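Listed below are the residues making up each chain.
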Amino acid sequence: MIAEAGHYALVLALALALIQSIVPMLGARWGDPALMNVARSTALAQLLFVAASFAALVTLHVTSDFSVANVFENSNSQQPMIYKITGVWGNHEGSMLLWVLILALFGGLVAAFGNNLPLSLRANVLGVQAWIAGAFYLFILITSNPFLRIQNPPIDGRGLNPVLQDIGLAVHPPMLYLGYVGFSISFSFAIAALIEGRIDPAWARWVRPWTLMAWIFLTLGIAMGSYWAYYELGWGGWWFWDPVENASLMPWLAGTALLHSALVMEKRNALKVWTILLSILTFSLSLLGTFLVRSGVLTSVHAFANDPTRGVFILLILCVFIGGSLSLFAGRASSLKQGGLFAPISREGALVLNNLFLTTACATVFIGTLYPLALEVLTGDKISVGAPFFNLTFGPLFVPLMVAVPFGPMLAWKRGDLYGAAQRLMAAGVAALIAVAVAWAWARGGSALAPLAIGLAIFIVAGAVSDLVERIGLLNNPVAISLRRARGLPRSIWGTAFAHAGIGVALIGIVCETTWNSEFIGTMKPDDVIRLAGYELKLDGLSQQLGPNYRELVASFTVSSGGERLAAMTPSKRNFTARGASTTEAALLSRGVSQLYISLGDPTPDGAITVRIYHKPLVLLIWFGPVLMAWGGLLSLSDRRLRVGAPKPAKALRGGLQAAE
Amino acid sequence: MTRKQRRLTLIGCSLAVLAFAAGLVLYALQDSIVFFSTPSMAAEQHIAPGKRFRLGGLVQPGSLVCRGDGASFEVADGGAKLPVSYHGLLPDLFREGQGVVAEGALDASGTFHAETVLAKHDETYMPKDVADALKKQGHWKDDYDSKLAAGISGKSCAHGDG
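All of these numbers come straight from a predicted model, not from anything done at the bench. (Residues numbered from 1 in each chain as written. Chains lettered and ligands numbered in written order. Predicted model: local features only at pLDDT ≥ 70, side-chain atom pairs only at ≥ 80, totals over all residues. Heavy atoms only, no water.)

## Focus on the overall build of chain A
Helix and strand counts for chain A come out as 21 helices and eleven strands. Expressed along its principal axes, the backbone C-alpha trace of chain A runs to roughly 80 × 75 × 55 Å. Taking contacts inside chain A between residues at least 6 apart in sequence as the whole, the part at least 24 apart equals 74%. Total accessible area on chain A is roughly 25600 Å²; 66% of this is exposed by carbon and sulfur atoms. (Helix = DSSP H or I, 4+ residues; strand = E, 2+ residues; numbered from the N terminus. Contact = heavy atoms within 4.5 Å. Areas by Shrake-Rupley, 256 points an atom, 1.4 Å probe, with all protein chains shown as cover.)

## Here we look at the sheet that holds strand E9 (residues 587-591) of chain A
Residues and elements named next belong to chain A. Here we have four strands laid out as an open sheet, ordered E2-E11-E10-E9, and antiparallel in their pairing. In the strand order of this sheet, the two ends are held by strand E2 (518-524) and E9, each with one partner. With direction set aside, neighbouring strand axes in the sheet form an average angle of 15°. Looking at chain direction, E9 and strand E10 (residues 594-603) are connected through five bridges and run antiparallel. Residue Ser590 lies in a different strand from E10, and its bridge partner there is Gln595. With respect to the sheet, helix H8 (residues 201-232) is in contact with E9, E10 and strand E11 (609-616), its orientation differing from that of E10 by roughly 50°. (Pairing = 2+ DSSP bridges. Axes fitted to C-alpha atoms, helices over the stretch in contact; angles between N-to-C directions.)

## Looking at the environment of Ser75(A)
All names here are of chain A. Following the sequence through the fold, Ser75 ends up in the loop between helix H3 (69-74) and helix H4 (81-86). Along the chain, Ser75 and Asp156 lie 81 residues apart, while their C-alpha atoms are 8.4 Å from each other. Not counting chain neighbours up to four residues away, the residues in contact with Ser75 comprise His61, Phe66, Lys84, Gly157, Arg158, Gly159 and Leu160.

## Focus: the confidence of the model for chain A
Residue and element names in this part refer to chain A. The pLDDT averaged across chain A works out to 88; a share of 95% of its residues lies at or above 70. Looking over chain A, one finds the lowest element-wise mean pLDDT in helix H21 (residues 650-660), namely 42, and the highest in helix H19 (residues 621-637), namely 96. Here residues 299-306 is modelled with pLDDT under 50, and outside its nearest four sequence neighbours on either side it reaches 23 contacts, counting other chains as well. Low pLDDT (under 50) marks residues 644-661, which in the prediction has 18 contacts with non-local residues, meaning those over four places away or in another chain. (pLDDT = per-residue confidence, 0-100.)

## With respect to the pairing of strand E8 (residues 581-585) of chain A
Residue and element names in this part refer to chain A. Most of E8 is tucked away, with five of its five residues classed as buried. Looking at chain direction, strand E7 (residues 572-576) and E8 are connected through five bridges and run antiparallel. For Lys573, the partnering residue across the bridge sits in E8 and is Thr584. Hairpin connection from E7 to E8: four residues lie between these consecutive antiparallel strands, with Gly580 at a positive phi of about 65°. (Buried < 20%, exposed > 50% of the residue type's maximum accessible area, 1.4 Å probe, protein only.)

## Here we look at the packing of aromatic side chains
Residue and element names in this part refer to chain A. One pass over the structure, following the stated rule, counts 23 aromatic pairs over all chains. Their ring planes at 15° and their centres at 6.4 Å tell us that Phe54 and Trp89 sit as a pair that is stacked. A residue pair is termed long-range when its members are at least 10 positions apart, and Phe54 in helix H2 (residues 33-62) and Trp89 in the loop between H4 and helix H5 (92-113) qualify at 35 residues. No difference in accessibility class separates Phe54 from Trp89, as the two residues are buried. With a centroid separation of 6.1 Å and an interplanar angle of 25°, the aromatic rings of Trp215 and Trp252 are classed as stacked. (Phe/Tyr/Trp six-rings, centres within 6.5 Å; stacked < 30°, edge-to-face > 60°.)

## Points about the pattern of salt bridges
Residue and element names in this part refer to chain A. The tally for this structure, following the rule as stated, stands at 17 salt bridges over all chains. The partner of Glu4 in a salt bridge is Arg149, and the shortest N-O contact between them spans 2.9 Å. Here Glu4 is found in helix H1 (residues 2-30), whereas its partner Arg149 is found in the loop between helix H6 (119-143) and helix H7 (167-196), with 145 residues between them in sequence. According to the relative accessible area criterion, Arg149 is partly exposed, its value standing at 34%. (Salt bridge = Lys/Arg side-chain N within 4 Å of Asp/Glu carboxyl O.)

## Topic: unusual backbone geometry
All names here are of chain A. With a phi close to 55°, Trp241 is a non-glycine residue in the positive phi region. Relative accessible area serves as the criterion here: at 11%, Trp241 is assigned to the buried category. In this structure, Ala533 is a non-glycine residue whose phi angle is positive, near 50°. Take Ala533: it is sitting in the loop between strand E3 (529-532) and strand E4 (535-546). The class for Ala533 is partly exposed, based on a relative accessible area of 44%.

## What about the packing of H7(A) against helix H9 (residues 243-268) of chain A?
All names here are of chain A. Interhelical geometry of H7 versus H9 gives an angle of 45° and a closest axis separation of 11 Å. With respect to each other, H7 and H9 are oriented oblique. Between H7 and H9 the crossing geometry is left-handed. Only Ala247, Ser248, Pro251, Gly255 and Leu258 of H9 make contact with H7, whose side of the interface consists of Leu176, Tyr180, Phe183 and Ser186. Broken down by class, the residue content of the contact of H7 with H9 amounts to six nonpolar, three polar and no charged. (Parallel < 35°, antiparallel > 145°, perpendicular 65-115°, else oblique. Left-handed = near helix turned anticlockwise from the far one by under 90°. Nonpolar A, V, L, I, M, F, W, Y, C, P; charged D, E, K, R; others polar.)

## Topic: helix H13 (residues 387-404) of chain A
With 18 residues, H13(A) extends 25 Å from end C-alpha to end C-alpha; this agrees with the ideal 26 Å at 1.5 Å per step. Of all the bends in H13(A), the greatest reaches close to 30° and is centred on Gly395(A); the proline Pro396(A) follows between one and four positions later. Every buried residue of H13(A) is accounted for by Phe389(A), Phe390(A), Thr393(A), Phe394(A), Leu397(A), Phe398(A), Leu401(A) and Met402(A). If you follow the buried residues of H13(A), they end up packed against H9, helix H12 (347-379), strand E1 (383-385), helix H16 (449-472) and helix H18 (491-516) of chain A together with helix H1 (3-31) of chain B. (Expected span 1.5 Å × (residues − 1). Bend = angle between axes of the 7 residues up to and from the residue.)

## Some remarks on the confidence of the model for chain B
Residue and element names in this part refer to chain B. For chain B, the average pLDDT comes to 74, and 70% of its residues sit at 70 or higher. For chain B, the element scoring lowest by mean pLDDT is helix H4 (residues 143-149), at 41; strand E5 (residues 81-87) scores highest, at 88. Counting interchain partners and residues more than four positions distant, the pLDDT-below-50 stretch residues 121-125 has 15 contacts. Scoring the predicted complex yields pTM 0.88 and, for the interface, ipTM 0.77.

## Describing a nonpolar patch on the surface
All names here are of chain A. Residues Met426, Val430, Ile434, Val438 and Trp442 make up a contiguous nonpolar surface patch of roughly 530 Å² in combined accessible area. As for its placement among the helices and strands, Met426 is situated in helix H15 (residues 426-442). Using a relative accessible area of 54% as the deciding quantity, one classes Met426 as exposed. (Patch = residues over 30% accessible without salt bridge, like charges linked within 9 Å, V, L, I, M, F, W, Y side chains within 5 Å.)

## So, the side chain of His92(A)
Note that His92(A) resides in helix H5. Looking at His92(A), its side chain comes within polar contact range of the side chain of Ser144(A), at 3.1 Å. (Polar contact = N/O pair within 3.5 Å; in protein donor to acceptor, adjacent residues only side chain to side chain.)

## Some words on the packing of H16(A) against H18(A)
Residues and elements named next belong to chain A. Following both chains from N to C, one finds H16 and H18 inclined at 165°, their axes separated by 9 Å at the closest point. Relative to H18, the element H16 lies roughly antiparallel. Read as a crossing pair, H16 and H18 show a hand that is left-handed.

## Observations concerning H19(A)
Residue and element names in this part refer to chain A. A rise of 1.5 Å per residue sets the reference length of H19, with its 17 residues, at 24 Å; its end C-alpha atoms lie 24 Å apart and thus fit the reference within 8%. The element H19 is extensively covered by neighbouring structure, given that twelve of its 17 residues are classed as buried. Restricting attention to buried positions, one finds in H19 the residues Leu621, Ile622, Trp623, Gly625, Pro626, Leu628, Met629, Ala630, Gly632, Gly633, Leu635 and Ser636.

## Structural notes on the nonpolar core
Buried together is how nonpolar side chains tend to be arranged in soluble globular proteins. Residues and elements named next belong to chain A. Trp99, Tyr137, Phe189, Trp203, Leu253 and Ile276 are the most contacted members of the largest nonpolar core, which totals 145 residues. Ranked by the residues each element gives to this core, the list is headed by H7, at 14 residues. In contact with Phe189, not counting residues within four places along its chain, are Leu117, Leu121, Val125, Trp203, Trp206, Val207 and Trp210. (Core = buried A, V, L, I, M, F, W, Y, C linked by side-chain atoms within 4.5 Å.)

## What to know about the environment of Ser335(A)
Secondary-structure assignment places Ser335(A) in the loop between helix H11 (308-332) and H12. A C-alpha to C-alpha distance of 8.5 Å links Ser335(A) and Arg198(A), two positions 137 residues apart in sequence.

Okay, here's the thing in structure tokens:
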């Protein structure tokens, strides 16, 4: 009964989406407020029905109703409750349902909080949202219905893939989807602007918070996925340039560029056409990501869907939306008016440079990800494009971008003073040189480039700090005045500083982990001691334990340093009976932001066990950086300007802006 | 500067960056991509020793020899076999008779030295390259999946029930 209700709710949502995709847009065309207002009610009702449908699937999983195929394949009666729930989106059908739920959520948010948008813009935006939603409801209902029943219900389910039975995976997909799907809003706004043929700085003010929100979630989602891979896959790697990872990195790069270009458009009314194009491209890359992951075209550890009809369907959605939006763009872009002028050396110029490098880097990732697929289709040759390709292409493009990061906020709008900015960055430069010297003197082994990269990272962090110091006048004023100024500083300034510093922090982590990581791989018997990076690790013994739905082999280690006992570490190997698969549970010990990492291999006949032990210096900074970036984004999102500025209607605001300048 | 000059500066910069990126991509595509082969493809193509490639196939039953710090085994695709030696920990799901993808290079004696070994991800997943290659050569057995589902698995380096 619940399954049928969930299925029916989804069909109703599709019907609502069809109404919403036609009626409000006709209303906007004919200038009929009654028709335009339909969008608001249908968007909210759609959210209600999709939520009901999702709730139905969750209920089926929680109550272990194995007569439903989806539950049978991805759940098991012995599975802990939390994984019964996360199992809902740990599979293809469920995760697509989560995808449309989030899409409906964003549509609902625009409907509920978009009262201050011009009526026709809101109607068009929600109309475009409904096109996307309708396409994906159809996709789910036709090719991936999660509510299918099995004729003869089995007694127990097959269980969720053990690798996915992890708390990191509980949070990672929703976060990532909030990011992916969040970009649909800026896409819809861009299409609506093209349909209306009108775009102004107020448009950018409406779009920026949505883009920022999506970007924050995507940043956290990617970081979370990377940390999950680090501790769950058992080889201590945190980024593999796997196509599935690239699929989330591409919208992130384009979205980061969009955030910055929307800033130029909002402040200076320039780069309009480019911003619209970026909005379209960012969401197109999100769709491409969905296609890559969901169609099973990739050879990848992530691909847990494998059905060609689905692939063709998503490819069709992809072609229609990307092709359609780009055609609309080509037809209408020239009618958008030219924006403000600026000199090459200026804040705008710096942001253009940022966009140039980000989109080019995104293009190299795009080529590296799709080239193997294209080559296989065209010639039948199978190749893999791995880390060496991306290090060679992505790296050199990111270095100049990172060098430029501290300069951006120091330059004035319209016409900047590069020499002045360089002078103000003198302190940061000196800090960077000291960092290079210290890293050089302290480092043993590793690449000669590593100290330089550390210097670059310190330059970015120090540059962000010196921008703040300068703005609050810390050096020229008494501390009390500076503090008052710091409080008065717009939150977006703080946001910029945190986000930029986050890049530097992440870079330090990346460089230290890859260059000065030490490892031991070999066999150990009980009471053996391994010395690694100043720690002694003693294997106390092995034992068997029974978990809720697995058996595990646990190794107990005692970690000490200089004779002093620090902690116990218990890595384990779990064997899941329902699936006959096993996972490696690495043990992690954080010392500051560095970590000791132990993962188990197989036991040998003579009672020993193979182990991998890593010492990863400053590794936690890799994920702390993105968290800082997301925090910066959050600060920026809470800026008064974005909340207060947006409600004014376009005409009044345009007048206001001119008056202000 | 006039609007035109500014636009030209912008376009010039963009083209320079794009050309730089295109150069990098072309250079990287020449040097750092890795081809995929099965043992019979490797035998046909006479891959030179030292050239990196990905070797895919099934782990030949009865060929696995475990050492403390690694293992040696044979990868077969029905047509040919290739001895592989690997230093390091084999993945959790590595078993005789199952699909595997190894990346590395041949030495002068014709042994494949693997630097990384990927086993299939769970009991229903087979590396796509391997499955495609086996199907193409007609060695794909339809009962392969059902055998796996029934939990018949070969020897691994694991002992006891770990």
